[in-house]
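# Structural description and commentary
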Amino acid sequence: DIQMTQSPSSVSASVGDRVTITCRASQDISTWLGWYQQKPGKAPELLMYAASRLQSGVPSRFSGSGSGTDFTLTINGLQPEDFATYYCQQANSFPQTFGQGTKLEIK
Amino acid sequence: EVQLLESGGGLVQPGGSLRLSCAASGFTFNIAAMAWVRQAPGKGLEWVSEILRSDGPTYYADSVKGRFTISRDNSKKTLYLQMNSLRVEDTALYYCAAVTSPLMGGSVWHLGRDLYFIFWGQGTLVTVSS
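Throughout what follows, the structure given in this document is the object of discussion. (Residues numbered from 1 in each chain as written. Chains lettered and ligands numbered in written order. Predicted model: local features only at pLDDT ≥ 70, side-chain atom pairs only at ≥ 80, totals over all residues. Heavy atoms only, no water.)

### Some thoughts on the state of the cysteines
Linking two cysteines covalently through their sulfur atoms gives a disulfide. Here the structure, examined in full by the defined rule, presents 2 disulfides over all chains. Put simply, Cys23(A) and Cys88(A) are joined by a disulfide, and their sulfur atoms are 2.1 Å apart. On the S-S bond that ties Cys23(A) to Cys88(A), the torsion sits near 70°, and the link is right-handed. Placement of Cys23(A) in strand S3 (residues 19–25) and of Cys88(A) in strand S9 (residues 85–90) is noted, with a sequence separation of 65 residues between them. Across the pair, Cys88(A) and Cys23(A) agree in class, each one buried. In this model Cys22(B) forms its disulfide with Cys96(B); the gap between the sulfur atoms is 2.1 Å. (Disulfide = S-S within 2.5 Å. Helix = DSSP H or I, 4+ residues; strand = E, 2+ residues; numbered from the N terminus. Buried < 20%, exposed > 50% of the residue type's maximum accessible area, 1.4 Å probe, protein only.)

### Here we look at the packing of aromatic side chains
For the structure on display, the rule yields 11 aromatic pairs over all chains. Consider the rings of Phe98(A) and Phe117(B), whose centres lie 5.7 Å apart with planes at 25°: the pair is stacked. Residue Phe98(A) is located in the loop between S9 and strand S10 (102–106), and its partner Phe117(B) is located in strand S10 (residues 116–120); the two belong to separate chains. Under the relative-accessibility criterion, Phe117(B) is labelled buried at 0%. Here Phe27(B) and Phe119(B) contribute two aromatic rings whose centre-to-centre distance is 5.2 Å and whose plane-to-plane angle is 50°, an arrangement assigned as tilted. Separated by 92 residues along the polypeptide, Phe27(B) in the loop between strand S3 (18–25) and strand S4 (33–39) and Phe119(B) in strand S10 bring together distant segments of the chain. In textbook terms, an aromatic cluster arises when at least three aromatic residues are bridged by ring pairs, as seen for Tyr36(A), Phe98(A), Tyr95(B), Phe117(B) and Trp120(B). The ring of Tyr80(B) carries the charged tip of Arg19(B) above its face, separated from the ring centre by 4.0 Å. In this structure, Arg72(B) packs its charged tip against the face of Phe29(B), placed 4.5 Å from the ring centre. (Phe/Tyr/Trp six-rings, centres within 6.5 Å; stacked < 30°, edge-to-face > 60°. Lys NZ or Arg CZ within 6 Å of the ring centre and 35° of its normal.)

### Some details on the sheet that holds S3(B)
In a beta sheet, neighbouring strands pair by backbone hydrogen bonds and run either parallel or antiparallel. Residues and elements named next belong to chain B. Within the open sheet, the 4 strands sit side by side as S1-S3-S8-S7. Their pairing is antiparallel. Pairing within the sheet leaves two strands with one partner each, and these edge strands are strand S1 (3–7) and strand S7 (68–73). Neighbouring strand axes in the sheet, compared pairwise and without regard to direction, differ in orientation by 15° on average. Where S7 and strand S8 (residues 78–83) come together, 6 bridges link them in antiparallel fashion. If you follow Thr69 over to S8, its bridge partner there is Gln82. (Pairing = 2+ DSSP bridges. Axes fitted to C-alpha atoms, helices over the stretch in contact; angles between N-to-C directions.)

Rendered as structure tokens:
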């Protein structure tokens, strides 16, 4: 199975900041990677697919990059509604696996 | 409006069984796949099982293989998860999710490729405890 490792596990930032979250796959997954946002008590929401493609309706301050084993999710100009937990998911093969999550907290 | 409404969760003793249901509306049920993803209290997301379009192939996490069975009734737009021989470690919020394939189409779905969870229900809680 492909293991997904996110870093950091948590990060504190202020409104307006730029934040980068990293996801590493245990083997080459090309660009078959998704990012999800989950707010407390809510279901996750798809933010990005294919590593860098923005899901419809997601603000353009979110961006993704990477290929192979190393990926990043960047949020430019943090908004209050962005404070949440973020998960990466490999979409290369079954079983589909998620990273352990990165909690983005308000500083 | 897209809706995925899960039901069937509850408290069950170890070794017991439950059947989860997920009623879908507001989108074509003939989407790439439907899946169950769970989240233990205070923990991350864990993919459980997936069934491809129509009555396509089924896939399971090793942790549930042989104990859980995923199925779908396309006429009722409903997804199911039959859970047998439940263990304490199966305790979690179980989400039903619709799976999209934005880029590749059906040729690579059997590999688990280009499959992303686009719609989610609110989850149904399964608690396994004596």
